[in-house]
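Listed below, chain by chain, are the residues.
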Amino acid sequence: MANEVSVPLSAVLIGAGQRCMIYASYAEKHPEQLCIVGVVEPDAERRKLAAARFGIADDRCFDTVEQLAALPRIADAAINGTMDELHVQTTIPLLRAGYDVLLEKPIGVTEEEVMELKRTADEHGRTVMICHVLRYAPFYTAIRERIAAGEIGEVVNIQTSEHVSYHHMAVSFIRGKWGSQEQCKSSMLMAKCCHDLDLITWLNGNARPVKVSSFGSLSHFRSDKAPEGAGTRCLTDCRIEESCPYSAKKNYIDQGRWGFYVWNNHHLGAKLTTEEKLESLRTDNPYGRCVWHCDNDVVDRQSVIIEFDNGSTASHNMIGATPKACRILHIIGTKGEIEGVMEDGHFVVRHPDPRPGQGYTEEHVNINITDDGHGGGDLRLVEDFVKTLRGDQSSVMSTTLDQSISGHTIGFAAERSRLEGQVVFL
């Protein structure tokens, strides 16, 4: 049981983007446990909106992490939701200044900077928890409990797949901030699937990865694959916009999807009229571009194969632009298997059954899932971070830095394998 809370944990927001606001919303739901007392955000409008939302004083609003770190510590912790390539360079000054940090995934964009962050955290005795929120989703938590209880024996093989919906692929990994590795510094695998690689290592107990191989490419979303009639922008020169599933108007206005990416500061309450949105998509908004005529260079499909030191194997498939978004899991052990799709809200446990007329038994396990996009894991992660810093026992889902590096190691090795065409030994 958690200790009785008397004074809430205090935190500073590093970056006032959509992910940071989701984690910070825990303070609005549980003000007795967490309060937001500062914000670092270079965008003046975003900084002002975040300060107004959480009642942050002007003298606790900063343009840069360096400004915050130069002052005596103003909070217990920091919640870092910056872009991938900024994670390590903005976290290290915080650790040196005495802050514990809840850090958005991926930890960093290279193995070298990930290890530099670990060394700095160890040197200063600070806690860094990584936002691998899917560990906290009831679907995966319940499966982990079944495996730990020995219900399927020793893990032999883990198969995971992430199907990235066509509209998510377009907004994030073609038109959006993660579409170009040259710009954001993260591969598609690390930006989108380091959750899945982390789950593979977490579900496989104490096993450590020893070999990784990977294949993938950018095969579809490039100019030579553009359909006849496609233009450069959906609402200016495209002759097939009315029938195209990637139409910016259909997805971002008619369907109202992904507003926190497409419309500036939408996640903090900023409003645009429909005509202002249309004009934005016609002119300089990057989300109004044709998906076949962008500057994207990340893969739109990739497969990863892993061997562990206990002899078990695993595979992960990322498939971009599917009709339905989902995460698929199938774990086979020496005594049984577990199979399910997170978004379906249930999984199946099977065991051999040699009785006449039988082949196996099946148990259907229903899970209470939510619609937060991560199966209910987002705020459970923040709750665990608060408990950890208060000295309570960490949960089995704990995503401390030491426990989160193996999945990243697989991701970096997979990208080397894909580019070099060879098995990578860890």
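Residues numbered from 1 in each chain as written. Predicted model: local features only at pLDDT ≥ 70, side-chain atom pairs only at ≥ 80, totals over all residues. Heavy atoms only, no water.

Notes on the UniProt feature "domain: Gfo/Idh/MocA-like oxidoreductase N-terminal" (unreviewed entry) in the chain
- Those places that UniProt annotates as "domain: Gfo/Idh/MocA-like oxidoreductase N-terminal" (unreviewed entry) correspond, in this numbering, to residues 11–130.
- Its end C-alpha atoms 16 Å apart, residues 11–130 is made of 43% helix and 20% strand. (UniProt positions renumbered as here; feature names shortened; annotations may be inferred. Helix = DSSP H or I, 4+ residues; strand = E, 2+ residues; numbered from the N terminus.)

Here we look at the layout of surface pockets
- Taken as a whole, the second largest pocket encloses approximately 240 Å³ of empty space.
- Together, 13 residues line the second largest pocket, and Arg 135, Trp 202, Gly 205, Arg 208 and Gln 403 are the ones closest to its centre.
- Broken down by element, the lining of the second largest pocket gets its largest block of residues, three residues, from helix α14 (residues 401–420).
- Classifying every residue of the lining of the second largest pocket by side-chain character gives two nonpolar, seven polar and four charged. (1 Å grid on protein atoms, 1.4 Å probe; cavity = no way out; pocket = protein on both sides within 12 Å on 5 of 7 lines; lining within 4 Å. Points joined across faces, edges and corners; volume = space filled by probe spheres on them. Nonpolar A, V, L, I, M, F, W, Y, C, P; charged D, E, K, R; others polar.)

Side note on the pairing of strand β8 (residues 209–217)
- As paired elements, β8 and strand β9 (residues 301–308) share eight bridges and run antiparallel to each other. Within the sheet, the bridge partner assigned to Lys 211 lies in β9 and is Glu 307.
- Two elements, β8 and strand β15 (residues 424–425), share two bridges in a ladder whose sense is antiparallel. Each bridged residue has a counterpart across the sheet, and for Val 212 the counterpart in β15 is Val 424. (Pairing = 2+ DSSP bridges.)

Considerations on the pattern of salt bridges
- For the structure shown, the criterion picks out 28 salt bridges.
- Asp 295 is the salt-bridge partner of Arg 289, the closest N and O atoms lying 3.3 Å from each other.
- Put simply, Glu 162, Lys 192, Asp 196 and Arg 327 are held in one network by salt bridges that share partners. (Salt bridge = Lys/Arg side-chain N within 4 Å of Asp/Glu carboxyl O.)

Some points on empty space enclosed by the protein
- Evaluated as defined, the whole model comprises two cavities of 30 Å³ or more.
- Each pocket or cavity is described by its volume, and for the largest cavity that value is around 70 Å³.
- Along its surface, the largest cavity is lined by Arg 175, Ala 230, Gly 231, Arg 233, Cys 234, Cys 238, Ile 240, Cys 244, Tyr 246, Cys 290, Val 291 and Trp 292.
- Residues that form the lining of the largest cavity fall into these classes: nine nonpolar, one polar and two charged.
- Space inside the second largest cavity adds up to approximately 30 Å³.
- Forming the boundary of the second largest cavity are Tyr 140, Thr 160, Ser 161, Asp 196, Leu 199, Ile 328 and Leu 329.
- At the level of elements, β7 (155–165), α9 (188–203) and β11 (326–333) are the ones that each hand at least two residues to the lining of the second largest cavity.
- Looking at the lining of the second largest cavity residue by residue, the class counts come to four nonpolar, two polar and one charged.

What about the sheet that holds strand β3 (residues 61–62)?
- Taken together, six strands build an open sheet; the order of strands is β3-β2-β1-β4-β5-β6 and the sheet is parallel. Strand pairing shows two members of the sheet lacking a second neighbour, β3 and β6 (128–130), which therefore form its edges.
- Taken together, the three bridges between strand β5 (residues 100–103) and β6 define a ladder with parallel strand orientation. Following the sheet pairing, Leu 102 is matched in β6 by Met 129.
- Along the sheet, helix α13 (residues 378–389) contacts β1 (9–14), β2 (34–40), β4 (77–80), β5 and β6; its crossing angle with β5, the most-contacted strand, is approximately 165°. (Contact = heavy atoms within 4.5 Å. Axes fitted to C-alpha atoms, helices over the stretch in contact; angles between N-to-C directions.)

Focus: unusual backbone geometry
- Of note, the amide linkage connecting Lys 105 to Pro 106 takes the cis form, showing an omega dihedral of -10°.
- Along the chain, the position of Pro 106 falls in the loop between β5 and α5 (111–124).
- Non-glycine residue Trp 258 carries a positive phi angle of around 60°.
- Among the structural elements, Trp 258 can be located in the loop between α10 (248–254) and α11 (259–262).
- Of note in the backbone geometry, Ala 321 takes a positive phi value of approximately 70° without being a glycine.
- Its location among the elements puts Ala 321 in strand β10 (residues 313–322).

Some points on the packing of aromatic side chains
- Applying the stated criterion across every chain yields a total of 12 aromatic pairs.
- Ring geometry for Phe 221 and Tyr 246: centres 5.4 Å apart, planes at 80°, overall edge-to-face. Residue Phe 221 is found in the loop between β8 and α10, and its partner Tyr 246 is found in the loop between β8 and α10; the two are separated by 25 residues along the sequence. Here Phe 221 and Tyr 246 have matching classes, each one buried. (Phe/Tyr/Trp six-rings, centres within 6.5 Å; stacked < 30°, edge-to-face > 60°. Buried < 20%, exposed > 50% of the residue type's maximum accessible area, 1.4 Å probe, protein only.)

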